[in-house]
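# Remarks on the overall topology
Each chain is listed here by its residues.
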Amino acid sequence: MIIYDCARAGKKIELLRENPRVCLSYACKPRREEYEFTAEYESTVVFGSAIELINKDEKTDALRELCQRNTPTNMNAFDGAIEQSLAHTAVWKSKAI
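Residues numbered from 1 in each chain as written. Predicted model: local features only at pLDDT ≥ 70, side-chain atom pairs only at ≥ 80, totals over all residues. Heavy atoms only, no water.

## Digging into the nonpolar core
Membership of the largest hydrophobic core is limited to nine residues, which are Ile3, Leu53, Ala62, Leu63, Leu66, Phe78, Ile82, Leu86 and Val91. When contributions to this core are tallied by element, the ones reaching two or more residues are α2 (56-70) and α3 (78-85). Here this core takes three residues from α2, the largest share from any one element. Apart from residues lying up to four places away in sequence, Leu66 is in contact with Ile3 and Asp5. In this structure, Cys6, Ile13, Leu16 and Trp92 belong to the second largest nonpolar core, which totals six residues. (Core = buried A, V, L, I, M, F, W, Y, C linked by side-chain atoms within 4.5 Å. Buried < 20%, exposed > 50% of the residue type's maximum accessible area, 1.4 Å probe, protein only. Helix = DSSP H or I, 4+ residues; strand = E, 2+ residues; numbered from the N terminus. Contact = heavy atoms within 4.5 Å.)

Right, here's the structure in full:
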C-alpha cells in the first residue's frame, strides 16, 4: 500500500476524484561513474487505484505509518501536528494492481 498526503484542494485532487487510477514511478540510489555519461539506479513502476481516506482514525493511522517510516525521530511531535493539520490534509492510499 502506498500512502500519500497533500492539500485538500487543487488540480491533482480534482483529477484523482474524477479518475482514481494512478501510476507511480520511483527511482533511487543513483550511481554515476566519473567520466561516463550513464547512471545506474534502482527503479520501479506501480499501477493501482487511489482511495481518499475520509475517516479521522484511518487518516491518522495512515499518517502515523508514513511519519514513522520517514521521520521516526520526530514522532514525539506527531499528535500535536495531527491536531493542528488533520482537517486541512487529504490522505490517499493506493493498492497496486
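## Side note on the pairing of strand β3 (residues 39-53)
Looking at chain direction, strand β2 (residues 21-32) and β3 are connected through ten bridges and run antiparallel. Bridged to Arg21 within β3 is Ser49. (Pairing = 2+ DSSP bridges.)

## Overview of the environment of Ile13
Mapped onto the secondary structure, Ile13 falls in helix α1 (residues 11-18). A residue is classified by how much of its surface remains accessible, and Ile13, at 2% relative accessible area, is buried. Put simply, Ile13 and Tyr41 are 28 residues apart on the chain and 30 Å apart in space, counted from C-alpha to C-alpha. Those residues within four positions of Ile13 in sequence are excluded, and the remaining contacts are Cys6, Ala7, Arg8, Ala90 and Trp92.

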